Amino acid sequence: GQQLNQSPQSMFIQEGEDVSMNCTSSSIFNTWLWYKQDPGEGPVLLIALYKAGELTSNGRLTAQFGITRKDSFLNISASIPSDVGIYFCAGRGPTGTASKLTFGTGTRLQVTL
Amino acid sequence: NAGVTQTPKFQVLKTGQSMTLQCAQDMNHNSMYWYRQDPGMGLRLIYYSASEGTTDKGEVPNGYNVSRLNKREFSLRLESAAPSQTSVYFCAGKGHRGEGGYTFGSGTRLTVV
């Protein structure tokens, strides 16, 4: 099945640093979503992007829908310990794919004091 | 606000045993989904139900069956559990707006010995 390439797989950063991660696909997507998963919980939606080139922020988080519609980026500014978790990108193809999402393999973020 | 509720939270099965994972949502979602999450592989779709009364296979349906009992409930059944089905299972729902993201339950951690 189709999967998204998400990188990096994991990262250790110090509190206060900025974080960048990205997701790429061989197919065009109409929607890009970014989720965060805390230990022992289900993923929670952070940001949704609906248009190529769109840049959307949610607090310290900023995500962009790539111009080619085949990639997306998530930035976290001034990281704090509660940013720890797994971040997933997800994409939805053109109409007719039953609105199903394809998920990336995740980026595990660990923040040290 | 319960959202999407999964039961049980943890389960240990012996090889060959059967069990049903339950999922219920109170968000009036039309579509519901079952995913499994394995280390390094992200979230893979097992089955989904686009609306009450319909179910379809996802990426990894072998060894599973589902029932969309009514609009609220979508259960996942393992008829004869195998060690390869050891995983964390997530149920998710989505409203009728086509572009929206999913709301996930908190997961069921299943171990098959």
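Residues numbered from 1 in each chain as written. Chains lettered and ligands numbered in written order. Predicted model: local features only at pLDDT ≥ 70, side-chain atom pairs only at ≥ 80, totals over all residues. Heavy atoms only, no water.

**Quick word on the nonpolar core**
- If you look at the biggest cluster of nonpolar residues, it comprises 21 residues, and the most contacted ones within it are A:Trp32, A:Trp34, A:Leu74 and A:Leu109.
- Counting only elements with at least two residues in this core, the list comes to strand S2 (10–14), strand S3 (19–24), strand S4 (31–37), strand S5 (44–49), strand S7 (61–65), strand S8 (71–76), strand S9 (85–92) and strand S11 (107–112) of chain A.
- The next biggest cluster of nonpolar side chains, apart from the first, holds 19 residues, and it includes B:Leu13, B:Tyr47, B:Phe74 and B:Cys91. (Core = buried A, V, L, I, M, F, W, Y, C linked by side-chain atoms within 4.5 Å. Buried < 20%, exposed > 50% of the residue type's maximum accessible area, 1.4 Å probe, protein only. Helix = DSSP H or I, 4+ residues; strand = E, 2+ residues; numbered from the N terminus.)

**Let's talk about unusual backbone geometry**
- In this chain, A:Ser7 is followed by A:Pro8 through a cis amide linkage whose omega measures -5°.
- Relative to the assigned elements, A:Pro8 resides in the loop between strand S1 (5–7) and S2.
- Looking along the chain, the bond that leaves B:Thr7 and enters B:Pro8 is cis, with omega of -10°.
- Along the polypeptide, B:Pro8 turns up in the loop between strand S1 (4–7) and strand S2 (10–13).
- A positive phi is found at A:Arg69, a non-glycine position, where the angle reads about 70°.
- With respect to the helices, strands and loops of the structure, A:Arg69 is situated in the loop between S7 and S8.
- Positive phi is not limited to glycine here, since A:Ala78 has a value of about 45°.
- By the element assignment, A:Ala78 lies in the loop between S8 and S9.

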